[in-house]
Amino acid sequence: MDYFLENQIEELIQSTVLAEDPGQEIWRTPHFACASVSDREFEKLRTWVREDHLMPGDLLPGAESVISFFLPFTPEITCSNDEGVPASRPWGEADLKTRVLLERIKDEISMLLEAGGFNCGGLPVDHDFDRGSLTSRWSHKHIAWLCGLGSFGRNNMLITESGCSGRLGSLVTDAPLASTSFPDTEYCLEKQGKSCGLCISRCLPAALKKEGYDRKICHQQCLDNAQNLGGEEQMAVCGKCLTRLPCTFQAPVPEATAEKEAVTVE
């Protein structure tokens, strides 16, 4: 199979990130994956996320493929958020810059594919977040999972080859792209049957518990953090459950233990 388009998209994402951050002070090397609409069970999003979750064809009639990409934060940005209750200012500022960059990447991919005669569609990174249910009709995390970018951790975040500290973006296209293979192994240590659960202990407001996840407590902590960072609701972030974990910067190998891997990068 010819992967010419897929390789072009991957190279474009990497070059766009590097042009924005040539010293790699904010982001590490991004990851990319895609899925054929006919090859993956997108209809299950209406069971996993919400009944009215959008399908690829809702964003683009005739959609054939979905593209997902992950921008992992550097250790400097991530570790700035290790301590304390409110999110760190570097973390909040990096999150804002990442949202802008994710939109730029989507535009760049769209221009590339449209130059080849294809169409693209998508929604903004923070598009139609429902204030009542605190869910979205287009879950970038679940889309990324269907595209093969990684697996879910106990913190409800997607663990990729470069860990879980970062942000996701996605778009749809009528270009026929090959589906990325799913990971060969589960990335979450607990789901591998190992002892971990560190993300649960890292959640200071206890929104994350062994029994489940309380979205309202999590959201309120993010709003409180926005006030601590200057009252900008756009900085309604937290991310404590992404730091100082075995899966923060990498996908833990199957034989790893939480005790060995739970060390932040110096």
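Residues numbered from 1 in each chain as written. Predicted model: local features only at pLDDT ≥ 70, side-chain atom pairs only at ≥ 80, totals over all residues. Heavy atoms only, no water.

Caption draft 1: A look at the overall build of the protein. When helices and strands are tallied, the protein shows nine helices and eight strands. Dimensions of the protein, computed from the C-alpha atoms along their principal axes, are close to 50 × 45 × 40 Å. A burial count over the protein gives 50% of its 266 residues as buried. Carbon and sulfur atoms form 50% of the exposed surface of the protein, whose accessible area is close to 12,500 Å². Side chains of the protein carry 25 positive and 40 negative charges; the gap between the two charge centres is 8 Å. (Helix = DSSP H or I, 4+ residues; strand = E, 2+ residues; numbered from the N terminus. Buried < 20%, exposed > 50% of the residue type's maximum accessible area, 1.4 Å probe, protein only. Areas by Shrake-Rupley, 256 points an atom, 1.4 Å probe, with all protein chains shown as cover. Lys, Arg positive; Asp, Glu negative; His and termini not counted. Charge placed at Lys NZ, Arg CZ, Asp CG, Glu CD.)

Caption draft 2: Up close: the side chain of His 31. Note on placement: His 31 falls in strand β1 (residues 31–36). Residue His 31 is classed as buried on the basis of its relative accessible area, which comes to 19%. There is a polar contact of 2.6 Å between the side chain of His 31 and the side chain of Ser 162. (Polar contact = N/O pair within 3.5 Å; in protein donor to acceptor, adjacent residues only side chain to side chain.)

Caption draft 3: Focus on the pattern of salt bridges. Applying the stated criterion to the full structure yields twelve salt bridges. One salt bridge in this structure joins Asp 58 and Arg 46, with 3.5 Å as the shortest N-O distance. Taken together, the residues Asp 58 in helix α3 (residues 56–59) and Arg 46 in helix α2 (residues 45–48) connect sequence positions twelve residues apart. Taking the relative accessible area as the measure of exposure, Asp 58 reaches 45% and is therefore partly exposed. (Salt bridge = Lys/Arg side-chain N within 4 Å of Asp/Glu carboxyl O.)

Caption draft 4: Expanded view of the nonpolar core. By size, the foremost hydrophobic cluster in this structure holds 42 residues, and its most contacted members are Ile 9, Ile 67, Phe 69, Leu 71, Ile 105, Ile 109 and Leu 113. Where this core is concerned, the elements lending two or more residues are α1 (4–20), β1, β2 (65–72), α5 (89–115) and α7 (198–202). Excluding residues within four positions of it along the chain, Leu 113 makes contact with Leu 5, Ile 9, Ile 67, Phe 118, Cys 120, Thr 173 and Ala 175. With 22 residues, the next largest nonpolar core counts Leu 59, Ile 143, Cys 147 and Leu 168 among its residues. (Core = buried A, V, L, I, M, F, W, Y, C linked by side-chain atoms within 4.5 Å. Contact = heavy atoms within 4.5 Å.)

Caption draft 5: Spotlight on α1. Between its first and last C-alpha, α1 extends 25 Å over 17 residues, near the 24 Å set by a 1.5 Å rise per residue. Three or more residues of α1 are buried, namely Leu 5, Glu 6, Ile 9, Leu 12, Ile 13, Thr 16 and Val 17. Buried residues of α1, viewed axially, fall in a sector of 125 degrees; they line one side. Turned more than 90 degrees off the buried face of α1, the exposed positions are Phe 4, Glu 11 and Ala 19. Looking at the packing, one finds that the buried side of α1 touches β1, β2 and α5. (Expected span 1.5 Å × (residues − 1). Arc of directions from axis to C-beta.)

Caption draft 6: Structural view of helix α6 (residues 140–147). The element α6 is largely enclosed, with a buried count of six among its eight residues. Of the residues making up α6, those classed as buried are His 140, His 142, Ile 143, Ala 144, Leu 146 and Cys 147. One or two steps after α6, the chain reaches Gly 148, where phi turns positive at roughly 90 degrees.

Caption draft 7: Seen up close, the sheet that holds strand β6 (residues 166–173). Here we have four strands laid out as an open sheet, ordered β1-β2-β6-β3, and antiparallel in their pairing. At either end of the open sheet lies a strand with only one pairing partner, and these are β1 and β3 (120–121). In this sheet, β6 lies alongside β3 in antiparallel orientation, the contact comprising two bridges. Paired with Cys 120 across the strands is Thr 173, a residue of β6. With respect to the sheet, α1 is in contact with β1 and β2, its orientation differing from that of β1 by roughly 145 degrees. Of the strands in this sheet, β2, β3 and β6 are in contact with α5, which crosses β6 at around 25 degrees. (Pairing = 2+ DSSP bridges. Axes fitted to C-alpha atoms, helices over the stretch in contact; angles between N-to-C directions.)

Shape is all these values report; function is a separate question.
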